Amino acid sequence: MSRALAVSIGLVLFCALAIIAIQTDPLIELSKMNSLHRRTGTAVIAAALLLCSSQAFSGFMPLRSSRHPLSPVIRLSLSSSSEVVNGQPAESSVYSSLSKLSTVAVAGATGKTGSLVVRELRSRGINVVALVRDLDKAEQVLDSSGSGSLTIKKCDHSSPGALRAAMLESDGGPCDAAIWAATGFSDAPSPERKREKFMNKLIKTFGKEVPPKPRQSIDAIGVKAMADAILARDQLDAAANAEGASSPTSTGTPRVVMLSSAGVTRPSWSKEKQGRFEGAAGIPIIRLNPFNILGIKADSEERLRKSGVDYCIFRPCGLSEKWPYGGDARPIFSQGDLAVGRIHRCDVAKILVDCLFAEEATGKTFEAVSLAGYPPAPSMTAAMERLRLDSE
């Protein structure tokens, strides 16, 4: 028996004798106390007795016992949101597939959100193929920060052939995944547009005016073209594998992540639903819906869902560069296209990249706002797990 253990046992015995003396011995000075004081003194000594007992017998009880699964150590890991290793949060499962992706294509890479996506990817060591329409703008907007490489390619986002070539013939090899962060209309001289101009010239020779056709939406064509390029890449991998093994990039995580917009379904709501959710249906962008951009986004979403590729669709609410972000705001995820609020573009870029490495996000469409003044969760895995699949 160690000396410390012997001392502890001695204190236990002393406290026990003191309690007996207080309650029974009429000769000691404490017997003059009233009953309340006596009970108080007994409680204090009893507490000391309990403390000494725990110290005395701790040497006989294992710290981690399989018969006590709710010991303090295990309860801590159950209640905390992330495991701690060497004083630092352990790597979230969101990034469990990080090593399986090396090159990601980003459409709309020079846009306000797209440029932040490029920066976020490269900061994580992911090589980026930036698909842009203006090389001069790309040189000005895209910086050289980050450990991942950057390849800039001029590309017509409304041309399936151009997107496929840019994604499959990059300097660092074919792209493993893609993020669509572009929007707008194309003025590029596609073969169809060339034929249209030729026919217009012929018709004009006979003195007739031809009304101009609406410009082509890059979302309606480009999103599906990106998905087809990823599927083509997997087919090339499978063909190159003599044993017919699955592609090394088939990770179960989203291969195409689309930046859409909250509100894309609201213009098509019934009058009854619009009245019931007036706060969501009555905001200016929904009432105005310029160039039917929300309808185009909704159609592009559906094309991606039917493409056959593993995907994820993110619909952020109002984008604001003045809203808190990072450690000063918590993204809140929801479904049903009812969310109304604000979110910073930096948080949007981070969520888009996080989705690439989250199996829980595959096959899902969701919205997000952020709450200012609340710290973000260490991982969005738990939130993604609670969301419904689009197929449900």
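Residues numbered from 1 in each chain as written. Predicted model: local features only at pLDDT ≥ 70, side-chain atom pairs only at ≥ 80, totals over all residues. Heavy atoms only, no water.

Draft legend 1. Summary view of the packing of helix H4 (residues 114-123) against helix H13 (residues 345-356). Where H4 meets H13, the axes come as close as 9 Å, and the angle between the chain directions of the two elements is 50°. In terms of their interaxial angle, H4 and H13 are classed as oblique. In this structure, H4 crosses over H13, and the sense of that crossing is right-handed. Within the contact between the two elements, H4 uses Leu116, Val117, Glu120 and Leu121 and H13 uses Arg345, Cys346, Ala349, Lys350, Leu352, Val353 and Leu356. (Axes fitted to C-alpha atoms, helices over the stretch in contact; angles between N-to-C directions. Helix = DSSP H or I, 4+ residues; strand = E, 2+ residues; numbered from the N terminus. Parallel < 35°, antiparallel > 145°, perpendicular 65-115°, else oblique. Left-handed = near helix turned anticlockwise from the far one by under 90°. Contact = heavy atoms within 4.5 Å.)

Draft legend 2. Region of the structure containing empty space enclosed by the protein. Tallied over the full model, the rule gives one cavity of 30 Å³ or more. Within this model, the largest cavity holds a volume of roughly 50 Å³. Ser115, Val118, Arg119, Arg122, Val141, Leu142, Asp143 and Ser145 together form the lining of the largest cavity. Among the elements that take part in the lining of the largest cavity, H4 stands out by supplying four residues, more than any other. A breakdown of the residues in the lining of the largest cavity according to their chemical character gives three nonpolar, two polar and three charged. (1 Å grid on protein atoms, 1.4 Å probe; cavity = no way out; pocket = protein on both sides within 12 Å on 5 of 7 lines; lining within 4 Å. Points joined across faces, edges and corners; volume = space filled by probe spheres on them. Nonpolar A, V, L, I, M, F, W, Y, C, P; charged D, E, K, R; others polar.)

Draft legend 3. Inspection of the packing of helix H8 (residues 218-240) against helix H12 (residues 293-305) at higher detail. Where H8 meets H12, the axes come as close as 8 Å, and the angle between the chain directions of the two elements is 20°. Here H12 runs roughly parallel to H8, going by the angle between their axes. Here H8 and H12 pass one another in a crossing that is right-handed. Between H8 and H12, the residues in contact are Asp219, Ala220, Val223, Lys224 and Ala227 and Ile296, Lys297, Asp299, Ser300, Arg303 and Leu304, respectively.

Draft legend 4. Broad picture of the layout of surface pockets. Estimated volume of the largest pocket: approximately 860 Å³. Broken down by secondary-structure element, the contributors of at least two residues to the lining of the largest pocket are strand E4 (127-132), H12 and strand E11 (318-320). With three residues, H12 is the single largest residue contributor to the lining of the largest pocket. Classifying every residue of the lining of the largest pocket by side-chain character gives 18 nonpolar, 13 polar and eight charged.

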